[in-house]
Amino acid sequence: MDKQTFWKLIETARSEAEADQVAARASELLARCPEAEIAAAQQVLWDLLAESYRSPLWAAAYMINGGCSDDGFDYFRGWLLTQGEEAFAQALADPDSLADHPAVREAAAEGLELWDEEALSIAWTAYESATGRELPSDSFTISYPPLDPAWDFDFDDTTQTAPRLPRLSALFD
């Protein structure tokens, strides 16, 4: 499995499921694939999580969810994965662009949090469903890059976040 195939899986799941069921549907679809492809999907997922491990995105997640721990950032990025390749790429290129995302606008209006822990285990769930066994631990590795030191500040400090994420700041002010 490669990134393009993974994103096609997510898009198919998005077209067949309600927003809060995308990860579950992706697992169901993936479970139909050969065992090796299912296992390979976990590496693709972790590669995308590593790619999205960025301070500006973390600051955006912090603002959107009213705080964001390490686990919370993982779950936020899980939600972001279920939004599809275009939304994911756009958020990485410009986290402030999340202010235009309908779910983010709804979260601001309704005081909701955006996260999807289940998205982190799409391949785990599919593998267990398909084989009756746990995904082998040597199926993937993850190595997060260092965070940007220019963003090493308290994300509650609006004098730092507002100029860097002006549209999200206005939305969540």
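Up top is the structure these notes are about.
Read on for an overview of the structure. (Residues numbered from 1 in each chain as written. Predicted model: local features only at pLDDT ≥ 70, side-chain atom pairs only at ≥ 80, totals over all residues. Heavy atoms only, no water.)

1. Some remarks on the packing of helix α4 (residues 55-65) against helix α5 (residues 70-81)
Phase 1 of the analysis: Taken N-terminus to C-terminus, the directions of α4 and α5 make an angle of 95°; their axes are 10 Å apart at the nearest point. What the angle tells us is that α4 and α5 run roughly perpendicular. Note on element contacts: α5 touches α4 through Asp70, Phe73, Phe76, Arg77 and Leu80, opposite Leu57, Trp58, Ala61, Ile64 and Asn65. (Axes fitted to C-alpha atoms, helices over the stretch in contact; angles between N-to-C directions. Helix = DSSP H or I, 4+ residues; strand = E, 2+ residues; numbered from the N terminus. Parallel < 35°, antiparallel > 145°, perpendicular 65-115°, else oblique. Contact = heavy atoms within 4.5 Å.)

2. Observations regarding a negative patch on the surface
Phase 1 of the analysis: Together, Asp70, Asp71, Glu117 and Glu118 line one region of the surface with negative charge.
Phase 2 of the analysis: Structurally, Glu118 is set in the loop between α7 (102-110) and α8 (122-131).
Phase 3 of the analysis: Of the residues examined, Glu118 reaches a relative accessible area of 36% and is grouped as partly exposed. (Patch = residues over 30% accessible without salt bridge, like charges linked within 9 Å, V, L, I, M, F, W, Y side chains within 5 Å. Areas by Shrake-Rupley, 256 points an atom, 1.4 Å probe, with all protein chains shown as cover. Salt bridge = Lys/Arg side-chain N within 4 Å of Asp/Glu carboxyl O. Lys, Arg positive; Asp, Glu negative; His and termini not counted. Charge placed at Lys NZ, Arg CZ, Asp CG, Glu CD. Buried < 20%, exposed > 50% of the residue type's maximum accessible area, 1.4 Å probe, protein only.)

3. Considering the nonpolar core
Phase 1 of the analysis: Counting 56 residues, the largest nonpolar core has Leu98 and Leu168 as the members making the most contacts within it.
Phase 2 of the analysis: For this core, the secondary-structure elements that each account for two or more residues are α1 (3-16), α2 (22-30), α3 (35-51), α4, α5, α6 (85-93), α7 and α8.
Phase 3 of the analysis: Excluding residues that lie within four positions of it along the chain, Leu98 makes contacts with Leu57, Ala60, Ile64, Phe76, Trp79, Leu80, Ala91, Val104 and Leu168. (Core = buried A, V, L, I, M, F, W, Y, C linked by side-chain atoms within 4.5 Å.)

4. Points about the packing of aromatic side chains
Phase 1 of the analysis: Within the structure shown, the criterion is met by 13 aromatic pairs.
Phase 2 of the analysis: Relative to Tyr144, the ring of Tyr53 has its centre 4.2 Å away and its plane inclined at 15°; by these criteria the two rings are stacked. Pair noted here: Tyr53 is in the loop between α3 and α4 and Tyr144 is in the loop between α8 and α9 (158-164), with a separation of 91 residues, a long-range link.
Phase 3 of the analysis: Consider the rings of Tyr62 and Phe155, whose centres lie 5.8 Å apart with planes at 70°: the pair is edge-to-face. Note that Tyr62 is positioned in helix α4 and Phe155 in the loop between α8 and α9, a separation of 93 residues in sequence. (Phe/Tyr/Trp six-rings, centres within 6.5 Å; stacked < 30°, edge-to-face > 60°.)

5. Focus on α6
Phase 1 of the analysis: Along α6, the residues classified as buried are Ala87, Phe88, Ala91 and Leu92. Down the axis of α6, the buried set is contained in an arc of 130°. They therefore lie on one face. Exposed residues on α6 whose side chains face more than 90 degrees from its buried face are Glu86 and Ala93.
Phase 2 of the analysis: Elements in contact with the buried residues of α6: α1, α3, α4 and α5. (Arc of directions from axis to C-beta.)

6. Some points on the pattern of salt bridges
Phase 1 of the analysis: Counted according to the given criterion, the structure contains seven salt bridges.
Phase 2 of the analysis: The shortest N-O distance in the salt bridge between Arg25 and Glu28 comes to 2.8 Å. Of the two residues, Arg25 and Glu28 are both situated in helix α2; the distance of three residues between them amounts to about one turn of the helix.
Phase 3 of the analysis: Taken together, the salt bridges that share partners define one network made up of Glu16, Arg25 and Glu28.

7. Notes on the packing of α1 against α2
Phase 1 of the analysis: Interhelical geometry of α1 versus α2 gives an angle of 120° and a closest axis separation of 8 Å. Judged by the inter-axis angle, α1 sits oblique to α2. For the pair α1 and α2, the crossing hand works out as right-handed. Contacts from Leu9, Ile10, Thr12, Ala13, Arg14 and Glu16 of α1 reach α2 at Val22, Arg25, Ala26, Leu29 and Leu30.
Phase 2 of the analysis: When its residues are assigned to classes, the contact of α1 with α2 shows seven nonpolar, one polar and three charged. (Left-handed = near helix turned anticlockwise from the far one by under 90°. Nonpolar A, V, L, I, M, F, W, Y, C, P; charged D, E, K, R; others polar.)

Just geometry here; none of it tells us what the structure is for.
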